[in-house]
Amino acid sequence: MVDIAVCEMEAERAPCRALKLQLIKVMVNKDDFVDLQEYDEAVSIEDAQKAFPDYEAFMKRNRFSEKNTIFLMDRIKNEEDLAVLKPLAKKIPNGWVDLTKLDESKKAEVLSKGSQSDRINAWDNLTFEEMDATCASCPLAWNKGKDCIGTFGPESSKLPEIAQKYNCPIVASAIEAAADHRKFSVEDAKELLRECEVLKPALIDEGKMAAHRYSGPVERMETMAKACIAENCGFFFI
């Protein structure tokens, strides 16, 4: 399935933008910055076996499998088992460094060596309810006021083929653009708006089936394009 979405990081008024730019944590190699890493409390298999003569019952109570190599305290479901294991737990570095606790110099050092992908920002730390509320107040929430992403259609959609016929290159390239991770500019949004105006009557000319199946995606692209133009940002297919 291919979706359409805005480039929210280009929009200065998008409330999520500042939160996504605010890095909270970054993952580092386990041997780097050991003194700065956060820790998990865990018990080894050997200690758990000593603590519970009926080890299989312990595993079943807490829904563990033979794949477990250690037992994290926050994964122990049975409170009585947790009380038994707590004194045996050891702190194990988990690779995460909290950047909010560092000065700018140390933060820069950690970021230079940390993962470029395993990062947590302030947006990631929001609850789903908080995210929904933030999106609902965003000027880019073009999808019925909920968020800034909507459905284009399946990869088998014939809409690109129809768009090609009516000289609408952006819509014609939608499936390829999603595969290529191509980004479109605000100027492209203006072109997309033009293409939507062309496609609305074109779908009627193509027949009832085409109009029924593809009018929705065209309306969504039109609404998204207007939001992109208003907030001066681009969009993409994904």
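Conventions adopted
Residues numbered from 1 in each chain as written. Predicted model: local features only at pLDDT ≥ 70, side-chain atom pairs only at ≥ 80, totals over all residues. Heavy atoms only, no water. Helix = DSSP H or I, 4+ residues; strand = E, 2+ residues; numbered from the N terminus. Rg over C-alpha atoms; globule rule 2.2 N^0.38 Å. Buried < 20%, exposed > 50% of the residue type's maximum accessible area, 1.4 Å probe, protein only. Contact = heavy atoms within 4.5 Å. Areas by Shrake-Rupley, 256 points an atom, 1.4 Å probe, with all protein chains shown as cover. Expected span 1.5 Å × (residues − 1). Bend = angle between axes of the 7 residues up to and from the residue. Polar contact = N/O pair within 3.5 Å; in protein donor to acceptor, adjacent residues only side chain to side chain. 1 Å grid on protein atoms, 1.4 Å probe; cavity = no way out; pocket = protein on both sides within 12 Å on 5 of 7 lines; lining within 4 Å. Points joined across faces, edges and corners; volume = space filled by probe spheres on them. Nonpolar A, V, L, I, M, F, W, Y, C, P; charged D, E, K, R; others polar. Pairing = 2+ DSSP bridges.

1. Focus on the overall build of the chain
So, step 1. The helix and strand tally for the chain stands at 11 helices and 9 strands.
So, step 2. Taking 18 Å as the expected radius of gyration for a compact globule of 238 residues, we find that the chain reaches 25 Å, considerably beyond that expectation.
So, step 3. When its C-alpha atoms are laid out on the principal axes, the chain stretches across 75 × 45 × 30 Å.
So, step 4. With 238 residues in all, the chain has 39% of them scored as buried.
So, step 5. Sequence-distant contacts, at least 24 apart, represent 70% of the contacts inside the chain between residues at least 6 apart.
So, step 6. Within the structure as shown, the chain displays about 14200 Å² of accessible surface, and the carbon and sulfur contribution to it stands at 50%.

2. Section: helix α10 (residues 186-206)
Every α-helical turn comprises 3.6 residues, leaving residues that sit three or four positions apart pointing alike.
So, step 1. Look at α10: 29 Å from first C-alpha to last across 21 residues, which is about the 30 Å you get at 1.5 Å a residue.
So, step 2. Of all the bends found along α10, the most pronounced is centred on Leu-199 and spans about 25 degrees, while Pro-201, a proline, follows it within four residues.
So, step 3. Contact partners of the buried residues in α10: α7 (159-165), α8 (169-172), β8 (183-184), α11 (208-231) and β9 (235-237).
So, step 4. Where α10 begins, one side-chain oxygen reaches toward the backbone nitrogen of Glu-187, 3.3 Å away; that side chain belongs to Ser-185.
So, step 5. In the segment just after α10, Gly-207 is the residue with positive phi, at about 115 degrees.

3. Quick notes on the layout of surface pockets
So, step 1. Its volume calculated, the largest pocket comes out at about 250 Å³.
So, step 2. Lining the largest pocket are 15 residues, with Trp-123, Cys-135, Lys-146, Asp-147 and Cys-148 sitting closest to its centre.
So, step 3. Broken down by class, the residue content of the lining of the largest pocket amounts to 9 nonpolar, 1 polar and 5 charged.

4. Here we look at the sheet that holds strand β1 (residues 2-6)
By way of backbone hydrogen bonds, the strands of a sheet pair with one another, either parallel or antiparallel.
So, step 1. Here we have 4 strands laid out as an open sheet, ordered β7-β1-β9-β8, and antiparallel in their pairing. Pairing within the sheet leaves two strands with one partner each, and these edge strands are β7 (149-153) and β8.
So, step 2. Where β8 lies against β9, 2 bridges are found, and the strand directions are antiparallel. In the sheet register, Lys-183 faces β9, and the bridge partner there is Phe-236.

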